[in-house]
Amino acid sequence: MTILDQVLGRERVLVRENERALTLYKGEIKAVLLPGEHWLANRRGSLEVSRHDLKNPEFVSAYEKALFDKLPDVAARHFTVVRTGRTDVAVIERDGNLHAVLAPDRKLVLWTDAGPWKVTQIDTSVDLAIDAAVMRRLGQARKAELMSVHPVVDGQAGLLFIDGVLVRTLTAGVHGFWNVGRMVQIKVVDLKRQSLDVAGQEVLTKDRVTIRVNIAAEYRVVDPVKAVSMVKDFSEALYRALQYAFRKTLGALTLDQILEKKVTIDEEAAAKVRADMAEIGVEVSDIALKDVILPGEMREILNQVVSAEKQAEANIIRRREETNATRSLLNTARVMAENPVMLRLKELEALETIAGKVERLTVHNGTGGLLNDIVKLRES
């Protein structure tokens, strides 16, 4: 600074390429300085210089309002202003790279020279869904604070609710939505075939015996919208329908009928279950009674009954065999009575059997009669 500059009250201000500067004289905003050397009036220290590094392209200053109000043309040359409405989101790119995402009812002032800038305004009142490419870029740039991500895998359907209202069904994939004041909810419904077990269900039979049964059914959701919107829980609805159907079926039968016939649900009850579930978008295929569990004392009684039945069957078989044996002896006796020779042969067979089992055989009545019979047998 020369003596002349001091006399004239001027000050040298140097602005670098990466800088911009705001000047105020006697507290009043005067200009935005570009890179270079500037000589500015500074009588009695009335000059104030506010420097801004373009490395941070967002303009945040206590003098923002004054600049835009008093020097609107200067502000328009140097700044890019991004504003969002009540339902708008702005995606801001800097030289092709994602810089920021602006929420609704916000304003962002950027140094134009820090660009180039590209601003995409999105009206979320039309659709909260985020384009897949934009969603990936937001995630990669770690700018996902205004985004919610919901995956739906193969074999599932996603029901999109916005502010509690069902909007549409989502197919398999990753779906992103703007999370900007409206409530987004995704309810995922499994469309694959599933099994439902009703275990330990107590049933009173026709002859007033309390038994417990295990029931199984296979089902799949064919209309997820109906399944979710018409009942609170479609699997619970199927559970209750199976309970009612089996109580109706088994309650009309005695315990013996249930155990002997291996009962399945009757067709009328099964048809009602299927029809009721079809109304809420659920297809029911197989329905079966898996197990019948008896009380402890009832099992003991049945075991005794089974044991008695087996014993009775054994007695019948034994008497049948004894009868057959008696009938055979009777037939043999009748043949021998009619044929003396056959009787003698039987006597000799018996004698031969006895003689083979003892060391000595004594005939007290003599052998005459026996020998005479043998001779007669030989002569005949």
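Everything below is about the structure printed above this text.
Residues numbered from 1 in each chain as written. Predicted model: local features only at pLDDT ≥ 70, side-chain atom pairs only at ≥ 80, totals over all residues. Heavy atoms only, no water.

A. Here's a closer look at helix 4 (residues 132–140). The opening residue of helix 4 is Asp 131, an N-cap whose side-chain oxygen sits 3.0 Å from the backbone nitrogen of Ala 133. Following helix 4 by one or two positions, Arg 142 adopts a phi angle in the positive range, close to 55 degrees. (Polar contact = N/O pair within 3.5 Å; in protein donor to acceptor, adjacent residues only side chain to side chain. Helix = DSSP H or I, 4+ residues; strand = E, 2+ residues; numbered from the N terminus.)

B. View of the nonpolar core. Within the largest apolar cluster, 35 residues are counted, with the highest numbers of intra-cluster contacts made by Ile 211, Phe 234, Leu 238, Leu 242, Val 273, Val 282 and Ile 287. At seven residues, the largest contribution of residues to this core is made by helix 6 (residues 234–251). If sequence neighbours within four positions are ignored, Val 282 has contacts with Tyr 219, Arg 220, Val 221, Val 222, Ala 227, Phe 234 and Met 277. (Core = buried A, V, L, I, M, F, W, Y, C linked by side-chain atoms within 4.5 Å. Buried < 20%, exposed > 50% of the residue type's maximum accessible area, 1.4 Å probe, protein only. Contact = heavy atoms within 4.5 Å.)

C. Structural view of the sheet that holds strand 14 (residues 165–170). If you trace the three strands from one edge of the open sheet to the other, you get 14-13-16, paired in antiparallel fashion. Each edge of the open sheet is held by one strand with a lone partner, namely strand 14 and strand 16 (184–190). The average undirected angle you get between the axes of adjacent strands in this sheet is 25 degrees. Sheet topology note: the strand 13 (residues 156–162)/strand 14 ladder contains five bridges and is antiparallel. What sits directly across from Ile 162, in strand 14, is Val 165. (Pairing = 2+ DSSP bridges. Axes fitted to C-alpha atoms, helices over the stretch in contact; angles between N-to-C directions.)

D. A look at the packing of aromatic side chains. The full count for this structure, using the stated rule, is four aromatic pairs. Both rings, one in Phe 68 and one in Phe 79, keep their centres 5.8 Å apart while their planes meet at 40 degrees; by these two values the pair is tilted. With a gap of 11 residues between them, Phe 68 in helix 2 (residues 64–70) and Phe 79 in strand 6 (residues 79–83) connect regions that are remote in the sequence. Pairwise contacts between aromatic rings join Phe 59, Phe 68, Phe 79 and Trp 111 into one cluster. (Phe/Tyr/Trp six-rings, centres within 6.5 Å; stacked < 30°, edge-to-face > 60°.)

E. Molecular detail of the pairing of strand 7 (residues 88–94). Most of strand 7 is tucked away, with five of its seven residues classed as buried. The sheet contact formed by strand 7 and strand 10 (residues 117–123) spans seven bridges and is antiparallel. Bridge pairing in strand 10 places Ile 92 opposite Val 119. Of the pairings in the sheet, the one linking strand 7 to strand 8 (residues 97–102) comprises five bridges and is antiparallel in character. What sits directly across from Arg 94, in strand 8, is Asn 97. The hairpin formed by strand 7 and strand 8 contains two residues between the paired strands, and Asp 95 there has a positive phi angle of roughly 55 degrees.

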